[in-house]
Amino acid sequence: MEKSKRLFMGLLLLALAILSIFVGGVWYLNFFGFSLLSKGVLIIISLALSVFALLLILGILGIVLTLRLGQPIKPLIIPTKVVISYFLPIIIHLGGLLGLDKESIQSSFINVSNQLINPSKMKLSPDDIMVLVPHCIQNSECNYRVTSNLNNCKRCGRCQVQDLIEVTEKYGIHLAIATGGTLARKIIKEIRPKAIIAVACERDLSSGIQDIYPMPVIGVVNLRPHGPCINTGVEVEKIEEAIQQLISNK
Ligand code: SF4
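Residues numbered from 1 in each chain as written. Predicted model: local features only at pLDDT ≥ 70, side-chain atom pairs only at ≥ 80, totals over all residues. Heavy atoms only, no water.

Taking an unreviewed UniProt entry as the reference, the chain is identified by name as DUF116 domain-containing protein belonging to Orenia metallireducens.

Laid out in structure tokens, this is it:
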């Protein structure tokens, strides 16, 4: 497993180990520790923790097997979804306690999530694919409103909106610019893509991936030469690579 994925997977395993110790401890108290009165409560706690641990085990297994075999394992899709959708905040918290950088964990999560996509099973046409980028990629001094209509871009070359329009036109796929999560969700509902190539910072990408999982999302982390949320950029080659990856197996 690549180093970039190991951080997230390692923390997931650590979370599982800690949870297993808790589960073992609570079951131990059930049998040897507490009076009859507290036993009912303890059993409920033990069962809840055991279900939680089981979900985590199956979710981790789902991720590992999907990464290995290159396709999702049907009976493990739900636990995998639970782990991808809900465990990241716990993992970030755990990593924080160990002094690990939040962005590195989010970036590792994005790498794992990108690898869970198997385009060969999706049979996508260009019309099924959408590139979704944040508004901060537009030059902050540009007066044209490209979020409502991309045709408003004059392609002056002062920002990468022009490059993105050109690369998406080349392959005939959708391009959308969103000012935030609410607009992004609205655009997804309207266009109804079958796969998304999303550009954003680590935080927005990881929360977006969690929000719409299992919709396939290839996350591309943006460039922030002027700091976050202003005049950001993207490696257009990575977008093109992702497009080719998605349509090459049609
Ligand atoms: S390429 Fe030029 S016209 Fe288009 S959004 Fe960027 S700055 Fe505005």
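Visitor: Would you mind going over the UniProt feature "transmembrane region" (unreviewed entry) in the chain with me for this structure?
Guide: UniProt annotation of "transmembrane region" (unreviewed entry) refers to residues 7–29, 41–70 and 82–100 when read in the numbering used here. Secondary structure across residues 7–29 comprises 100% helix and 0% strand; the distance between its end C-alpha atoms is 33 Å. (UniProt positions renumbered as here; feature names shortened; annotations may be inferred. Helix = DSSP H or I, 4+ residues; strand = E, 2+ residues; numbered from the N terminus.)

Visitor: Honestly, the environment of valine 146 in this entry has me stumped. Any pointers?
Guide: Relative to the elements of secondary structure, valine 146 occurs in the loop between β1 (129–134) and α6 (161–171). Taking the relative accessible area as the measure of exposure, valine 146 reaches 2% and is therefore buried. Separated by 15 residues in the primary sequence, valine 146 and valine 161 have C-alpha atoms spaced 8.7 Å apart. Once you skip the residues sitting within four places of it in the chain, valine 146 turns out to touch Gln138, Asn152, Cys153 and Ile177. (Buried < 20%, exposed > 50% of the residue type's maximum accessible area, 1.4 Å probe, protein only. Contact = heavy atoms within 4.5 Å.)

Visitor: Explain the packing of α6 against helix α9 (residues 236–247) here, please?
Guide: The angle between the axes and the distance between the axes are what describe a pair of packed helices. Between α6 and α9, whose axes approach to 10 Å, the crossing angle comes to 20°. Here α9 runs roughly parallel to α6, going by the angle between their axes. Judged by the sense of rotation from one axis to the other, the crossing of α6 with α9 is right-handed. Facing Asp163, Leu164, Val167, Lys170 and Tyr171 of α6, the residues of α9 in contact are Val236, Ile239, Glu240, Ile243, Gln244 and Ile247. In terms of residue class, the contact of α6 with α9 is built from seven nonpolar, one polar and three charged. (Axes fitted to C-alpha atoms, helices over the stretch in contact; angles between N-to-C directions. Parallel < 35°, antiparallel > 145°, perpendicular 65-115°, else oblique. Left-handed = near helix turned anticlockwise from the far one by under 90°. Nonpolar A, V, L, I, M, F, W, Y, C, P; charged D, E, K, R; others polar.)

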